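The residues making up each chain are set out below.
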Amino acid sequence: MIDYLVAPQTGQAGQTGQTVLRWEGVADVTASSSASDADATLHRPAGYGPAAALDGDPGTRWVSGRYGQALGEWLQVDLTGPTDLAATGVTIDLSGTSPVEADPARVRVTTDTGSVSTDVPGLGRPFALRVPPGTTQHLRVTLEATRSGVKSGFSINELVIPGVRAVPRLVLPAPATPAPEAISLRTQQPGATGCLQLGGRPLCADRLVRPSEEAAGLYRAFTTRADASYSWTGEARVRGSAAAARLLDQPGRVLATASSQRVPSVAARPGAAVDADLGTAWVAAADDPRPTLHLTLPARRVITGCSCCWTSTSRRRGPGRSTCAPRTDAPARCPSTSTATPGSPPPRPPSTSPSTSAPPPGRSTP
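Everything numeric in this text was worked out from a predicted model, so none of it was measured.

What counts, and at which threshold
- Residues numbered from 1 in each chain as written.
- Predicted model: local features only at pLDDT ≥ 70, side-chain atom pairs only at ≥ 80, totals over all residues.
- Heavy atoms only, no water.
- Disulfide = S-S within 2.5 Å.
- Buried < 20%, exposed > 50% of the residue type's maximum accessible area, 1.4 Å probe, protein only.
- Helix = DSSP H or I, 4+ residues; strand = E, 2+ residues; numbered from the N terminus.
- Polar contact = N/O pair within 3.5 Å; in protein donor to acceptor, adjacent residues only side chain to side chain.
- Contact = heavy atoms within 4.5 Å.
- Pairing = 2+ DSSP bridges.
- Axes fitted to C-alpha atoms, helices over the stretch in contact; angles between N-to-C directions.
- Salt bridge = Lys/Arg side-chain N within 4 Å of Asp/Glu carboxyl O.
- Core = buried A, V, L, I, M, F, W, Y, C linked by side-chain atoms within 4.5 Å.
- Phe/Tyr/Trp six-rings, centres within 6.5 Å; stacked < 30°, edge-to-face > 60°.

(A) Structural context of the state of the cysteines. According to the stated counting rule, one finds 1 disulfide in the structure shown. A sulfur-sulfur distance of 1.9 Å marks the disulfide that ties cysteine 195 to cysteine 204. Between cysteine 195 and cysteine 204, the disulfide has an S-S torsion of 105 degrees and is therefore right-handed. In this structure cysteine 195 comes out as buried when scored by relative accessible area, which is 19%. Overall, the relative accessible area of 32% leaves cysteine 204 in the partly exposed class.

(B) Inspection of the side chain of serine 34 at higher detail. Here serine 34 lies in the loop between strand S2 (28–31) and strand S3 (62–63). Within the structure, serine 34 has its side chain in polar contact with the side chain of tryptophan 62 (distance 3.1 Å). Excluding anything up to four places from it in sequence, serine 34 contacts Ala40, Gly49, Pro50, Trp62, Val63, Ser64 and Gly65.

(C) Fine view of the sheet that holds strand S5 (residues 91–94). Taken in spatial order, the 4 strands line up as S3-S10-S5-S8 in an open sheet, and their pairing is antiparallel. In the strand order of this sheet, the two ends are held by S3 and strand S8 (127–128), each with one partner. Direction of pairing for S5 relative to strand S10 (residues 155–160): antiparallel, over a ladder of 4 bridges. When the bridges of S10 are listed, aspartate 93 appears paired with glutamate 158.

(D) A look at the sheet that holds strand S9 (residues 136–146). The antiparallel open sheet is built from 5 strands, whose spatial order is S2-S4-S9-S6-S7. Looking at strand neighbours, the two that pair on one side only are S2 and strand S7 (114–119), the edges of this open sheet. Strand-to-strand twist across the sheet, computed as the mean angle between neighbouring axes with direction ignored, equals 20 degrees. As paired strands, S2 and strand S4 (residues 74–83) are joined by 4 bridges and run antiparallel to one another. Note that in S4 the partner of alanine 31 across the bridge is leucine 75.

(E) Local environment of the pattern of salt bridges. Applying the stated rule across the entire model yields 5 salt bridges. The salt bridge partner of glutamate 144 is arginine 106, with a shortest N-O separation of 2.8 Å. Of the two residues, glutamate 144 sits in strand S9 while arginine 106 sits in strand S6 (residues 104–111), which places them 38 residues apart along the sequence. Taking relative accessible area as the criterion, arginine 106 reaches 30% and is therefore assigned partly exposed. With a shortest N-O distance of 3.1 Å, arginine 108 and glutamate 144 are connected by a salt bridge. Of this pair, arginine 108 sits in strand S6 while glutamate 144 sits in strand S9, and the two are 36 residues apart along the sequence. Residue glutamate 144 is classed as partly exposed on the basis of its relative accessible area of 25%. Among the charged side chains, a salt-bridge network with shared partners connects Arg22, Glu24 and Arg169.

(F) How the structure looks around the nonpolar core. Residues Leu129, Ile156 and Leu159 are the most contacted members of the largest nonpolar core, which totals 29 residues. At the level of secondary structure, the elements contributing two or more residues to this core comprise S4, S5, S6, S9 and S10. Ignoring any residue separated from it by four or fewer positions in sequence, one finds isoleucine 156 in contact with Ala53, Arg61, Trp62, Leu75, Ile92, Asp93, Leu94 and Val141.

(G) Here's a closer look at unusual backbone geometry. Here the amide bond leading from serine 98 into proline 99 is cis, since omega sits at 15 degrees, within 30 degrees of zero. Note on placement: proline 99 falls in the loop between S5 and S6.

(H) Summary view of the side chain of serine 152. On the secondary structure map, serine 152 appears in the loop between S9 and S10. Within the local environment of serine 152, its side chain forms a polar contact with the backbone nitrogen of glycine 68, the two atoms lying 2.9 Å apart. In this structure serine 152 touches Leu42, Tyr67, Gly68, Gln69, Ala70, Pro99, Val100 and Glu101, once residues within four positions along its chain are discounted.

(I) The arrangement of the pairing of S6 in detail. Across 6 bridges, S6 lies against S9 in antiparallel orientation. Of the residues in S9, the one forming a bridge with arginine 106 is alanine 145. Strand direction decides the pairing type here: S6 and S7, joined by 6 bridges, are antiparallel. Across the sheet, the residue bridging to valine 109 is valine 116, located in S7.

(J) Structural view of the packing of aromatic side chains. As enumerated under the stated definition, the model contains 1 aromatic pair in all. Taking 5.7 Å as the distance between ring centres and 85 degrees as the angle between the ring planes, the aromatic pair formed by tryptophan 62 and phenylalanine 154 counts as edge-to-face. Of the two residues, tryptophan 62 is situated in strand S3 and phenylalanine 154 in the loop between S9 and S10; the sequence distance between them amounts to 92 residues. Classification of phenylalanine 154 by relative accessible area gives buried; the value is 1%.

Dropping the structure here:
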């Protein structure tokens, strides 16, 4: 028995033995179009379907699928029963990242009791939606206006309805044998976190990011026609996320957090800026208006200076001005990596040995 297997026709009208999607926690989730559709003109991989807007992961998103069209594109959630959404509150996180062009400016929420519009205050962070009063079983979010630019695409990172957890479960067809010897399940598209390894070093770019088809987990349902005993084995792959990056933090070392991160890979996490390896680097998101790296020291110290080593990528991205607190008159001097051969370890960055003393824990902000 294999996941995604399409069984031969059963001979009964309308029954083909296909794997089908069954929503749990909600009655249904639909959209005007999706970039994951096979016939989408604004085409993207399978990870950009409607389920990505309700999987609890702000790193995944639904994207509409019609090139050159944005206004009127919508995402709808059908609930399992009447719910007063105005009382519970609904939040949304929108994205203006490629392939979406003009940023969303206003969205309209439609329920069984009417419609109301909400201005978009900004992108990349959740905000509350205005919802018509009264109970409803349907919630539709429609793009009503955009800011300047080409109107093409609408994207929702996350739509949060308190008390509702939408789970897209795939129901497999009945196996041909009463009790198959093996049942193999897998995520068809594991995704990519934006970094490739070349000569032992990560090379990262946002165009390399591919969300998983099932980022929230592996949800399956199947029934055998006879009782049988099975043992379970599996293989998991670490997904790029803030939680995964925290697993790499070492006790007693400088901890780094940042205002943004360009790709989800742990190779490009904020901690890469303080890992004593010039072959790795943190790069802020392209739309971050004020890229900021926060360093938390393991103990109290007197900070007499800090050195920032810019990669070629960060120079191109580069802010015209950067600050490093506390200030120092000593210029940062970073060893060159241009002569390093593939596979060889990069030079270590310059180290400092400030004296320890009693001021509060320091933070530096390059």
